[in-house]
Amino acid sequence: MSFDFNIPLSVRDLVKSGGINQYVVQDVSSVRQLGAQISGFRAALRSKGPLCILEHFDTPYSVLYHFQSAEPPLKEETLELLVQVVSRLSSALPAQLDDASLDSAQRRDLLNTVKMSCFLLSKLAESFENDAFKPGIVTATSKGSKKVKSKGIAGFDWESEREGVLQALIQLLQLDIRRLWNMSLVEEEFTSCVTCCCYKLLENPAINQVKSKGTRDGVIHLLGVLVKKYNHLLGASVKIIQLLQHFEHLAPVCVQAVSLWVSEYGVRSIVGEVMREIGQKSPEELSREGSGVRAYAAFLTELAACIPAAMLPSISVLLDHLDGESYTMRMAVLEVMGEMVSQVLSGEELEESGRDARDQFLDTLQEHLHDTNSFVRSRMLQTFTRIVNKKALPLARFRDVLTLTVGRLVDKSVNVCKNAIQLLAAFMANNPFTWKLSSVDLKAPLQKEVDKLKEMKDKAKEQAPVAVIEAWELWEAMEPELLQTVQSELQKGREEREGEEERVEETALAAAENIAHLLRNNKYRQAVSLTLACMKTFPEDDLFVVSGGEEEEEDEEDKPTEEVVMAVMALIFKGPEKSSFKAPSAATGSQSSESGGVETGSPQDPPLPSSEPGDPSAAAELLSKQEMLVQYLRDTHDFAVKIEEAIAVISTMLYWKTTSVVQEAIDFFVTVSEFGVSQALVGVRRMLPLVWSKDAGVKEAVVEAYRRLYLNPAGDSQRAKAQSLVQNLSMLMVDASLGTIECLEEIIFDFFQKKELPPAVLQLLWERFTGKLSSSSLERRAAVLLLGMAARAEREIVFSNLDTLVSVGLGEKVQEDFQLARDTCITIGKIADSGKPKPGKSSKPFRLPQDHQLFTCLTNAITTGLLSQDLYWLSFSEHAVSLLYRLSESPDRTCAHILRRCSALLLEELSKEGEASSQSDNSLEEKDLSQSQPSVSGSLPSYLLSHLLSLVGCVGFHQVEHLERSVSAELRRRRVEKEEQEEERGGRGKAGAATRRKSKAGDDTLDEEMGLVGASAEDTEAELIRRICETELLSGEQMLSSFVPLILQVCNNPGKYSDPQLTTTACLALSKYMMISSEFCDSHLRLLFTMLEKSALPSVRSNTIIALGDLTIRFPNLIEPWTPHLYARLRDDAPSVRKTAVIVMTHLILKDMVKVKGQVSEMAVLLMDSEQEIMALAFNFFNELAAKDNAIYNLLPDIISRLSDPENGIEEEPFHTIMKQLFSYITKDKQTESLVEKLCQRFRTARTERQWRDLAYCLSLLSFAERGLRKMQENFECFGDKLGEEAVYQSFITTMGKIRRGAKPEVKALVDEFEHKLTACHTRGMENLEPGESQPAPISTPASKLDKRGARGARSQALSTQNRNDDSDFVTPRPRRTRKPAPRRQRAAITFSSDEEDEESAGELEVESETPKVQTPIQRSSRRTRTKQ
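Values in this document were obtained by computation on a predicted structure and should not be read as measured data.

So, how was this worked out
- Residues numbered from 1 in each chain as written.
- Predicted model: local features only at pLDDT ≥ 70, side-chain atom pairs only at ≥ 80, totals over all residues.
- Heavy atoms only, no water.
- Helix = DSSP H or I, 4+ residues; strand = E, 2+ residues; numbered from the N terminus.
- Buried < 20%, exposed > 50% of the residue type's maximum accessible area, 1.4 Å probe, protein only.
- Contact = heavy atoms within 4.5 Å.
- Areas by Shrake-Rupley, 256 points an atom, 1.4 Å probe, with all protein chains shown as cover.
- Core = buried A, V, L, I, M, F, W, Y, C linked by side-chain atoms within 4.5 Å.
- Phe/Tyr/Trp six-rings, centres within 6.5 Å; stacked < 30°, edge-to-face > 60°.
- Lys NZ or Arg CZ within 6 Å of the ring centre and 35° of its normal.
- Expected span 1.5 Å × (residues − 1).
- Axes fitted to C-alpha atoms, helices over the stretch in contact; angles between N-to-C directions.
- Parallel < 35°, antiparallel > 145°, perpendicular 65-115°, else oblique.
- Left-handed = near helix turned anticlockwise from the far one by under 90°.
- Nonpolar A, V, L, I, M, F, W, Y, C, P; charged D, E, K, R; others polar.
- Salt bridge = Lys/Arg side-chain N within 4 Å of Asp/Glu carboxyl O.
- pLDDT = per-residue confidence, 0-100.

A. Structural context of the overall build of the protein chain. Counting its secondary structure elements, the protein chain contains 63 helices and zero strands. Counting all 1429 residues of the protein chain, 47% fall into the buried class. For the protein chain, contacts bridging at least 24 residues in sequence account for 75% of all contacts bridging at least 6. Accessible surface computed for the protein chain: about 71500 Å², of which carbon and sulfur atoms make up 49%.

Here it is as structure tokens:
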């Protein structure tokens, strides 16, 4: 059987006629005949082996030909037989190939068998793959259909059969079958037949799945054999690019294939080929491709992570993509460089070429930290993070990369900021310097070593020998040129020489020194002339006579030879071997050479080598080590400084809205804390409030951070660990604010609740508090506070040791440390907090007996401390009174007793000084006290009076709180308990029902008698509490009312009571009293607002506005007419007052306690405040206000009008900045269109050119489209006459430019038409102006009208503050006389208590239009007051 089987390009080509001896399929069997023929094929395989394919090729070919119509069992059986053929062929071929007797015919049969079997098996596998995984475009899966696992043909699982096919082909092709071909050249068609099958299998989207691992590995190994043995390298590289371009999911598979081919098959050149193919892609082509570019990038990145060394030689072909538009390819190439740096080009053993390549790569990576694309910047930071984590970044690069990273912290991209924080944390965790990085601690050692290095350098300079060159070395250098000069001089005539010879008027020694000096300065001609003259002048001198026969005797003395002259000059310059001349003089030796000659020693005294004590090499080595130490310390210090600089920036990121950034910032602060950075504690404290975050991830990150920092302390024993833990927690509480302590309490509560703190911690805290362990006052206070935090989780921690707390913290030594006493009160108060009744249960409130030691100690501590000047007594007394009201059964009696004792102490103090009235006794009656207070106040020290007023205010405030919370809750509890008891009794029978009816009738009768018919029980209780507050607490029979005259006296006479603490305390006491009764509040509001307006003390104004915020919540109707004066404090001169005002107003406005009107423009002004903190608060206010629907949209027109008002507004530049911020909140199209119309309408009422410009600028800030443009066209006549103003016109042109961008063609036509109209109006307006004349304002304002408008402007402002410094008597300045209102619109007046006398002559002050027209309680009260007077 002699024929050649040529693998066809297509399966059906075999049925066509071929060439000579070319195999052609003679008969393609029909589908019906296939069954019998396959049986014959099986029998032939059993009898003849794999060579049966030569006779029965047509049978499997017919199955392949009719694959779509053939029965599945036939196809499955055919595949099985072909696999057996290939497998048996693989087993038989090795022996046959090694048989020496193999002739050409047998070789041809074996070759045809290999070709036929591989062709049939490959094509059949392709057909199975096509049939099992058809393209998704054939049919669309219905929405509700389920995905069914593809089993191919009638349950035949092709996925499990693929591995067998691939293994059979691998087994065959691994043999040296190339010997079957002539000259071992395998035809390309054979290779393509197998590779097409492999690539077809790779196109399957499921090839990446775990279940396809066997198939994937089989394909990769089969292709590896073809690449290595069958010259498929170029074809594979091209095919990989094509696969990546069309199948994005194949990037990881291609990476696995190439890395395996390099590592196991040794085909490293394919890496360069693939990289070259990608590098040849044009940037324009890559910018158009989507998935292809992503696949290329993923392939390069993952391949660099696997085999970076193989990619290094070909990296240059990818560099062009760094300048392309595709940021994806830029990221990929840069990541390849990063992997090469971290895995290949790292370590100190690099060669020079490797170091150069590393430096170039790092330079490129650093440059792209400023890439225009944020994704590239972010990826570069990630790349540097990997480099740093692998310790591959050279130390010399630390400073530069760290500086760039700190700069990226302020990047506009959130991802860049997050990755910058990660890189900084990696720098900290892998820094090569020290475990403790504190610039403060490193500064002193650095300075010490720098001074030491300077001292060593100075010492080395002193001991270092002068660099000298031996005379004979210089002589050898100058000898050739000097010889030429001597020859030229000797050739001159005698007469010519005599005219030029130097005259010798000195000694022979001086002449010799002069000759040596000329030679050193390269003045050879003068030296030769002087030598000849000296030889003539001093013929007998030893300096100028050459002994030893070195000179020839001449008949004529005046004809010296060149040898003689050279010998004389050599003797003078070098000196004899054992002779010494006197060294040249300092003047001669210090002369500088005209040609820069080197200083040498004297010709008669050549310099000796200098000697220094010690070994010079050892000294140089020590100096080198010291320089290295200084450089190390300097790098460490600079690194710590940069980290601290980053801390300041990252601390602001803790409150960003992006959760991932906040979590990274928290992790960063944990890392820097572990390395002892001095500023780390700032961030650790700053993250504490995040424990209240609504984001569970952020809250958990904070708790986990504190768990890492404080729950794993160092120590050999449990007690040592507990001591370290307690010390760390105590450090957090040093100088901590109340808010910080509350946040820390939440975390400590979580620790105790989860039993994460060992019992040794509690024991150590008690030992610190009681003084059993030697502790400072700060540590004792921290210990008692930590015990209180633990008590939230377990009440018995404090309750079982209550006597200890009282005796130690509130005992006899209480006056030594009122701070400890205050913190003890806070800790004891946790008992009340933990003892709150559970909802739904009628349990009695937790109270201590009235005779408990705690109340006795508190009473004594308050009364005895009243006379002390300790600044912390005030805070202690506040917490002590609060504790009394929370734990005492009768707190009002206890506090009344305390007030009596304190009053008595003050009277005693007054009597000791001899200033008390003789008629004053020590009676504790309130009447006597009220009569005595005015006289006492003028004589007592101010701090005593301040203490008393503070205590009185606390008692009054907590009395109200006690009534409205504790008493009200107790009334409710008793009522519920009574109802439950009645229900239990009444549910037993009819008798109970009758009883309930009688009881109910009795209650109704009682309600009718009390006038509360129809009121619910809750309303009855609330009314009872309200009536007590309104009519009883401040009545003449109550203790609190006795102090009202004293409080009013201090508040009304700031000149007499000028002490700041006393004034502030009196103001607070008054405000707390005003919280009790609405009537008392109404009657003293004028006084409180007068203090708010006129007080010269910022502390008084700040406390007053806080108090007014509380009063607004309690009595909103009383405070509402005074709202403009609250807004006025936003422009206070003191930053502390402005800060307090913006906080209070933010709270009131966001809680809807104050009506938001145009006066909110005062908040907008704070967006440009000089204080950064106030500016941040204002930004936060508008951010929160913008969350409310249409809030800023409704306010914008009024804000614009107020801020652009020429009389009360702000400068133009700040106005622009504020408007940019406010208009950024306008995002809805309807709001934009409405604002366009409103702003255009306001042009009609604008009075000045400044207002025109402001309105036009605001319009330019809006982002509106066609509908907004049409609104502007409809209102053109409102602003058409204002277009003559250049700034107005430019703003409208800017607006048109914004609309034109991205607009449709028809909209652009409208824009062009409207812009032409604007330009025409602008040009016409400019032509109407005469040269040198500015455009007049549209409204002429006479002087009289200006005055009247100024008066109206004064009425709309808050109270004036310009005369504050002149109000020594605290009298409100006379208000400006205003235009009399119309008789039918009489307005009410708001006056201050100190202005009543002036009002009679000055008239009433007219209030703003927002003030209600009806009479308010404030006005009625003021009128009653005037009537009484």
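B. How the structure looks around the nonpolar core. Counting 371 residues, the largest nonpolar core has Phe57, Trp261, Ile270, Tyr706 and Met1219 as the members making the most contacts within it. Residues in contact with Trp261, not counting those within four places in the same chain, are Ile220, Leu223, Gly224, Val227, Ala236, Ile240, Gly266, Val267 and Ile270. By size, the runner-up hydrophobic cluster in this structure holds 31 residues, among which are Val528, Leu543, Phe544 and Met566.

C. Spotlight on the packing of aromatic side chains. With the rule as written, the count across this model stands at 25 aromatic pairs. The interplanar angle of 70 degrees and the centroid separation of 5.7 Å between the aromatic rings of Phe668 and Phe669 together place this pair among those described as edge-to-face. Accessibility assignment for this pair places Phe668 and Phe669 in one class, buried. A ring pair is formed by Phe1089 and Trp1122, whose centres lie 4.6 Å apart and whose planes are at 15 degrees; its orientation type is stacked. Of this pair, Phe1089 sits in helix α46 (residues 1078–1094) while Trp1122 sits in the loop between α48 (1116–1119) and α49 (1123–1128), and the two are 33 residues apart along the sequence. Take Phe1089 and Trp1122: they sit in the same class, and that class is buried. What links up through ring pairs into an aromatic cluster is the set Phe5, Phe57, Tyr61, Tyr65 and Phe119. Over the face of the ring belonging to Phe67 we find Lys75, whose NZ or CZ atom lies 4.1 Å from the ring centre. Sitting above the plane of the Phe799 ring, Arg795 keeps its charged end 4.9 Å from the centroid.

D. Main features of helix α33 (residues 777–793). An ideal rise of 1.5 Å per residue puts 24 Å on 17 residues; α33 measures up with 26 Å between its terminal C-alpha atoms. Among the residues of α33, Glu779, Arg781, Ala782, Ala783, Val784, Leu785, Leu786, Leu787, Gly788, Met789, Ala790 and Ala791 are the ones counted as buried.

E. Quick look at the environment of Gly292. Position of Gly292 relative to the elements: it lies in helix α12 (residues 291–306). Overall, Gly292 belongs to the buried group, its relative accessible area being 2%. Linking Gly292 and Phe247, residues 45 residues apart in sequence, is a C-alpha distance of 7.7 Å. Contacts of Gly292, omitting those with residues within four sequence positions, involve Leu244 and Gln245.

F. Inspection of the packing of helix α8 (residues 233–246) against helix α10 (residues 269–279) at higher detail. Where α8 meets α10, the axes come as close as 9 Å, and the angle between the chain directions of the two elements is 40 degrees. When the axes of α8 and α10 are compared, the pair comes out oblique. Read as a crossing pair, α8 and α10 show a hand that is right-handed. Note on element contacts: α10 touches α8 through Ser269, Ile270, Glu273, Val274, Glu277 and Ile278, opposite Leu233, Leu234, Ala236, Ser237, Val238, Ile240 and Ile241. For the contact of α8 with α10, the residue count by class is nine nonpolar, two polar and two charged.

G. Structural detail: the pattern of salt bridges. The final tally for this structure, using the stated rule, is 60 salt bridges. As a salt-bridge pair, Arg719 and Glu767 come within 2.6 Å of each other at their nearest N and O atoms. Residue Arg719 is located in helix α30 (residues 718–733), and its partner Glu767 is located in helix α32 (residues 759–770); the two are separated by 48 residues in the primary sequence. Via salt bridges that share partners, Glu704, Arg707, Asp750, Lys754 and Glu756 belong to a single interconnected network.

H. Up close: the environment of Ala1017. When you line up the elements, Ala1017 lands in helix α43 (residues 1017–1032). Spatially, the C-alpha atoms of Ala1017 and Arg972 are 8.6 Å apart, while their sequence positions differ by 45 residues.

I. Broad picture of the confidence of the model for the protein chain. Per-residue confidence for the protein chain gives a mean pLDDT of 77; residues scoring 70 or more make up 80%. Contacts from residues 136–155, a stretch scored under 50 in pLDDT, to residues over four places away or in other chains number 14 contacts. Segment residues 1005–1015 is flagged for pLDDT under 50; beyond a separation of four residues in sequence, or across chains, it makes five contacts in the model.

J. The packing of helix α29 (residues 696–710) against helix α31 (residues 738–753), seen in detail. Relative orientation of the contacting elements α29 and α31 amounts to 75 degrees, with a least axis distance of 11 Å. Classified by the interaxial angle, the pair formed by α29 and α31 is roughly perpendicular. Note on element contacts: α31 touches α29 through Leu744, Glu746, Ile747, Asp750 and Phe751, opposite Lys699, Val702, Val703, Tyr706 and Arg707. Split into classes, the residues belonging to the contact of α29 with α31 amount to six nonpolar, no polar and four charged.

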